[in-house]
Amino acid sequence: MKRNTYLIFTLLFVLFSGVSYAQITEEELKVQKEKLQKQNNLLKKEISDLNKDLQRNQSESKTSLLYIKNLDNKISAQTKLVRGLTKEKRYIEDEIYLTQLQINKLSRELVELRKEYKEILVKAYKNKSVANKLLFVLSAKNLKQAFHRVKYLQRYSDYQLGKAEEIMAKTQAIEQEKAAREKAKLEKEELLAQQSVIADDLESEKKAKQLVVDQYKKNAGQLTQQITEKQKEQRTINNEINRIIEEEIRLARIRAENDKNAWDEASRTNTIAAFQSYLNEWPNGDYADSAKKNISLLEADNRGWQTARGNHTKAAYQKYLNDFPQGQFASTARLEITKFEDAEREAERQERLAREKAEREAAEANKPVEEVAVVEVETPKREENPIPDPAPEPAFRDRSGDAALSNDFAGNRGRMPWPVNRGQIVEPFGISKHPILGIEINNDGVGIATNKGSSAKAVFDGEVSQIISVPGGNRTVLLRHGKYFTVYGNLSFVSVKKGEKVKRGQDLGRIYTDSNGDTILNFQLRNGTSKQNPEIWLNAN
């Protein structure tokens, strides 16, 4: 009853509001339907991919966590798809309804057009004689009126043709709307068939999940004990990881302090030998780049000074000061320039005194001054081994070693490569519950399920800080990346050793496959002692 009332009101509104409402509504329906169809197609693709995974997982073990996870994902996707197809069916029904309204409207308009056209044809038939038309023109009172009557006859003829074309266009529009209606009906039938198949498949998957649940419940005690033991083992490993990282941080702090003290000593001495000694002790220190720059600068300073001393001219010393205003020989260069300037002033003074003496003697003898001997002033000899003044501390300080390394790692947040070639997260970070048993599980990282026989791979360049092994358990590799650490747990064997430098993508060891067919890597990421959620670091694509 409500549906009929809604249709009546809609029909009345369309009839009174004209064509524009139907056109706008159809366009909106088209956009919404296309958007929904895209979503449904993505769900169909997801279900298809999950079917492939389920077939592979089922061949390994029906009690696999990955099998259960994919089964849940498929049921969820199928449920969403059924709802989406139901909504799409309603859109198609509305589309058919609106198309029928448009057909009805166009049909009424066509009836009116044909009625008008029939009247026009009857009138034209009665006045079809050329003599009548000529008489109508010639009976005009003046030339202007005759001209207007000719124009009227032309417009009337065009009006007749226009009505005929309008009738043809309406007829064609009705046929197009009917074709669209039939197409929508076929689309609806196909959709109903799909919906029926997917709904049946959904029921089958629910039954399959119930079988897995029943199988789990039969072995609930044993599986619970396995999970409890695994959690206990993981806690032991995590405690060891925390201890190792804290020790690494403590040693790194001592190392940084010693590095800083060595650098301060080298900077205070400010000689090539001092900086080279620092590099020998700390080749990868925080200030290694600064030490290398300082050595290059001091070597250039020495070369500039040797050139100035070799030329031993005022201009040479001035050039040295221009090139190295804070150089280690700057004070000596200024002293040498001062000596040259003093000698120049002394020479000028001796020349002036000699000239004045000659002028006085010439005046006394009352004779012209012929030549006045210029007294040469000996230029002070240069010192063989001048002692340079202590140079001021350099203004440049570059501390980019570990900061650059940390920034490089942190800059990959959200783009970090996965530690396996192929896999998916089945155990989330933090506290969660087992999908069937309901046991609370606390995870310091994420569990990544992958194919049997797969290897764990380093997600970033680093160094093997430690390889952890607990009695009766599997191995764990701890990599250090500056102040960041990554952890690769549940390995049956490892292919690296402590202290080894590793590259991104390098194999670290094979991931263990348990009796349930699960091949799950426990992957953790730490910023110092702070536990991070690896899922937000890994590349989502």
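Residues numbered from 1 in each chain as written. Predicted model: local features only at pLDDT ≥ 70, side-chain atom pairs only at ≥ 80, totals over all residues. Heavy atoms only, no water.

1. A look at the overall build of the protein chain
Rule in force here: To qualify as a helix, a DSSP run of H or I must reach at least 4 residues; to qualify as a strand, a run of E must reach at least 2; elements of each kind are numbered from the N terminus. Using a 1.4 Å probe on the protein chains alone, a residue whose accessible area is under 20% of its type maximum counts as buried, one over 50% counts as exposed, and one in between counts as partly exposed. Contacts are assigned to residue pairs that have any heavy atoms within 4.5 Å of one another. For every accessible area listed, the method is Shrake-Rupley and the probe measures 1.4 Å; residues are considered covered only by the protein chains on display.
The secondary structure content of the protein chain amounts to eleven helices and twelve strands. Expressed as a percentage of the 541 residues in the protein chain, the buried residues total 35%. Long-range contacts, defined as pairs at least 24 residues apart, comprise 69% of the intrachain contacts of the protein chain with a sequence gap of at least 6. Total accessible area on the protein chain stands at roughly 33200 Å², and carbon and sulfur atoms take up 52% of it.

2. Quick word on helix α9 (residues 314-323)
As a reminder, the rule being used: An arc is given here, and it is the one of the directions from the helix axis to the C-beta atoms.
By the burial criterion, the buried members of α9 are Ala316, Tyr317, Tyr320 and Leu321. All buried residues of α9 project into a common sector of 140 degrees when viewed along the axis, lining one side. Relative to its buried face, α9 has exposed residues pointing more than 90 degrees away, namely Ala315, Lys319 and Asn322.

3. So, the pattern of salt bridges
Heads up, the rule is: One speaks of a salt bridge when a side-chain nitrogen belonging to Lys or Arg is within 4 Å of a carboxyl oxygen belonging to Asp or Glu.
One pass over the full model with this rule turns up 20 salt bridges. Here glutamate 341 and lysine 314 are joined by a salt bridge, their closest N and O atoms 3.7 Å apart. On the criterion of sequence distance, the pair formed by glutamate 341 in helix α10 (residues 330-365) and lysine 314 in helix α9 is long-range, its members being 27 residues apart. For lysine 314, a relative accessible area of 22% gives the class partly exposed.

4. Side note on the environment of tryptophan 305
Counting through the fold element by element, tryptophan 305 comes out in helix α8 (residues 288-311). The buried category is assigned to tryptophan 305, whose relative accessible area is 4%. Separated by 25 residues in sequence, tryptophan 305 and alanine 330 have C-alpha atoms that sit 8.9 Å apart. Not counting the four nearest positions on each side in its chain, tryptophan 305 is found in contact with Tyr317, Tyr320, Phe329, Thr332 and Ala333.

Bear in mind that shape data such as this cannot, by itself, settle questions of function.
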